[in-house]
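# Chain and residue survey
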Amino acid sequence: MDIFELMKRFGVPQTVLQNGNLPVRSPIDGALLANIRTHNANQTTAAVNRAHQAFLAWRMVPAPRRGELVRLLGNTLRVHKKDLGTLITLETGKILQEGLGEVQEMIDICDFAVGLSRQLYGLTIASERPGHRMMESWHPLGVCGIISAFNFPAAVWAWNAALAFVCGNSVVWKPSEKSPLTGLACAALFEQACVAFGDAPDGLLEVVQGARAVGDVLVNDVRVPLISATGSTRMGREVGARVAERFGRSILELGGNNAAIIAPSADLSMVVRGVLFAAVGTAGQRCTTLRRLIVHNDVYDTLIPQLRQAYGNIKIGNPLHGDTLVGPLIDVKSFDTMQQALHVARSQGGKITGGAQVDVAGCMDGFYVRPALVEMPQQTELVRHETFGPILYILRYDDFAEAIALQNGVSQGLSSSIFTMNMREAELFVSAVGSDCGIANVNIGPSGAEIGGAFGGEKDTGGGRESGSDSWRAYMRRATNTINYSDTLPLAQGIVFNL
Ligand code: UN1
């Protein structure tokens, strides 16, 4: 795969990919893909300046017309789906099917946002005063700062940006330093959409590359009223506090430690398939990855051998090859962290299947592992911690209340699921006293959420919601308007205040 040729198809010239200070390597084989330039703090501030100017113009464009730009972006993504999916695979190591799936998610959110551009509704509210009317207006917010992670290098940008644009905002985006090329490609595709659109203001999308210093500028600048950040809980704790200090808003999408409860009535053939995709898909590097399996004692001895067998048959290899299910980990650090977690698990009495490094021909500098199943005697500190790799901890339960307590007994609250044919259990799980997560599923795994729902989670996951449903409201500011069309001036609360 010639990376220069691939990037040219998006409109990114070769000069941008050479002579920079940030080396970009593919996790597939460690090959050097490019050397791109990063931005310093001053350049990032200049990007915010341009985005702010763009916002001042863009907020006056009618929302359905703004939707037209997002429609054009969706069309551009359709044309480049295969190329962008391939680039995502090259840069993140996720299998091509998942790279393509990620682009499909981008196309879907564009469609969603186009419809939304005609539905940014506010309420009309009954006034307590005669001859008065109350209403809510939703106005554009300003520059939206997006900080995204390597594992969904394009879709997370699209969830945020498509909504931000139809809501009348501009965007400054800091992609992960581990997936900057996808950022460049998306920016070039957005540029194509802008050309087709005709009169989009310059600076509507600014991409700033680099590490922490770049993010710091966005987090501290009062002209960035919203920061949407995806990444670790540690990062979110800092970002959230600093944005709150200047009374900015943040949408935080942080760690997950997602579980599935396997009840005695579960359809086990569905469980095996559901668990496999959720636990080993994207090599266990989704924030929604299944990390804990809570299995009823009645089905434990039937299910676990089936799972072990399925794990043994997983094809691990080059993610560009059609029959591969699990590609590499993102880097050596990720590999070491996983091995360290397995070491601790063993010392705590964990019974481990898999987890070893796998050599893949032609990919000697990639870090490939066989996904691990780890039967744990209890939900220890290690199990309660999110290790971003393909480790599935397995726990037993007897009593349903115990299963719910285990499910909720972690600090993260992103996604969760139950496999059961028992209606009481299913309903209880999704009720107020069931799962405490932002996502709670029945008879499907915790990952692979559709864009139509609000995406995000509670507790240490950060509380943000992105993507579908009414998540758009976070990208706008609400004004309550009271209009007096009478010829008197009655005060609310019945107050008399005459001279
Ligand atoms: C992420 O891992 O940051 O629900 C996002 C899913 C995908 C998105 C994951 N639609 O698994």
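Residues numbered from 1 in each chain as written. Predicted model: local features only at pLDDT ≥ 70, side-chain atom pairs only at ≥ 80, totals over all residues. Heavy atoms only, no water.

Applied cut-off: UniProt positions are given in the numbering used here, feature names are shortened, and annotations may be inferred rather than shown by experiment.
The chain goes by aldehyde dehydrogenase (NAD(+)) in an unreviewed UniProt entry, where it is assigned to Glaciimonas immobilis. In UniProt, the chain has this text filed under Subunit (unreviewed entry): "Homotetramer."

### Focus on the sheet that holds strand β19 (residues 439-442)
Put simply, the rule is: At least two DSSP bridges between two strands are required for those strands to pair. The way it works is that DSSP assigns letters per residue, a run of H or I at least four long becomes a helix, a run of E at least two long becomes a strand, and they are numbered from the N terminus. Angles shown run from 0 to 180 degrees and are taken between the N-to-C directions of axes, each axis being a line fitted to C-alpha atoms and, for helices, limited to the stretch in contact. Should any heavy atoms of two residues lie within 4.5 Å, those residues are counted as being in contact.
On the basis of which strands lie adjacent, the open sheet formed by 7 strands has the order β12-β15-β16-β11-β10-β18-β19 and mixed pairing. The open sheet has two edge strands, β12 (351-353) and β19, and neither has a second partner. Taking each pair of neighbouring strands and ignoring which way they run, the sheet shows an average axis angle of 20°. Pairing of strand β10 (residues 258-262) with strand β11 (residues 290-296) involves 5 bridges; the strand directions are parallel. Looking at the pairing, A260 lines up with L293 of β11. Where helix α10 (residues 268-280) meets the sheet, it contacts β10, β11, β16 (391-397) and β18 (415-419), and its direction lies at approximately 160° from that of β11. Its contacts with the sheet place helix α12 (residues 332-347) against β12, β15 (372-375) and β16, and it is angled at close to 30° to β16.

### Notes on unusual backbone geometry
Just so we agree on the cut-off: In this scheme, a residue with accessible area under 20% of its type's maximum is buried, one over 50% is exposed, and one in between is partly exposed, where area comes from a 1.4 Å probe on protein chains only.
One non-glycine residue, F247, lies in positive phi territory at about 60°. Taking the relative accessible area as the measure of exposure, F247 reaches 77% and is therefore exposed. Located in the positive-phi region is A283, a residue other than glycine, with phi close to 50°. Its place among the elements puts A283 in the loop between α10 and β11.

### Observations concerning the site of the ligand
The condition that has to hold: Neighbouring residues are identified by heavy atoms, a residue being near a molecule or strand if any of them is within 4 Å of it. Within 3.5 Å is the distance limit for a polar contact, defined as a pair of N or O atoms, with the added protein rule that one can donate a hydrogen and the other accept it, and that residues adjacent in sequence qualify only through two side-chain atoms. For accessible areas, the Shrake-Rupley method is used with a probe of radius 1.4 Å. Any residue's cover is judged against the shown protein chains and nothing else. Each residue is assigned to one class: nonpolar for Ala, Val, Leu, Ile, Met, Phe, Trp, Tyr, Cys and Pro, charged for Asp, Glu, Lys and Arg, and polar for all the others, Gly among them.
In the neighbourhood of the ligand, the contacting residues comprise E105, N151, F152, W159, E253, R286, C287, T288, S447, G448, A449 and F455. A distance of 3.0 Å separates a nitrogen atom of the ligand from a polar side-chain atom of E105. Between the ligand and R286, the relevant distance is 2.9 Å, taken from an oxygen atom to a side-chain nitrogen or oxygen of the residue. Starting from 320 Å² of accessible surface for the ligand in isolation, the protein chains cover 99%. Tallied by class, residues from the shell around the ligand come to 5 nonpolar, 4 polar and 3 charged.

### Let's talk about the UniProt feature "active site" (unreviewed entry) in the chain
In this numbering, the UniProt entry assigns the feature "active site" (unreviewed entry) to E253. By the secondary structure assignment, E253 is in strand β9 (residues 249-253). With residues near it in sequence (within four places) discarded, E253 still touches W159, A229, T230, G231, C287, L414, F455, T461 and E466.

### So, the side chain of T282
Here T282 shows up in the loop between α10 and β11. Look past the residues within four positions of T282 in its chain and what remains in contact with it is K94 and E98.

### Thoughts on the pattern of salt bridges
Heads up, the rule is: The salt bridge criterion pairs a side-chain nitrogen of Lys or Arg with a carboxyl oxygen of Asp or Glu, the two atoms within 4 Å.
With the rule as written, the count across this model stands at 24 salt bridges. Of the charged contacts in the structure, one is a salt bridge between R78 and D111, with a shortest N-O distance of 3.0 Å. With R78 in helix α3 (residues 63-79) and D111 in helix α5 (residues 96-116), this residue pair connects regions lying 33 residues apart in the sequence. Between R237 and D460 there is a salt bridge whose closest N-O contact spans 3.6 Å. Note that R237 is positioned in helix α9 (residues 233-245) and D460 in the loop between β21 (458-459) and β22 (466-467), a separation of 223 residues in sequence. Using a relative accessible area of 55% as the deciding quantity, one classes R237 as exposed. One continuous salt-bridge network, built from bridges that share partners, spans R212, D216, E238 and R242.

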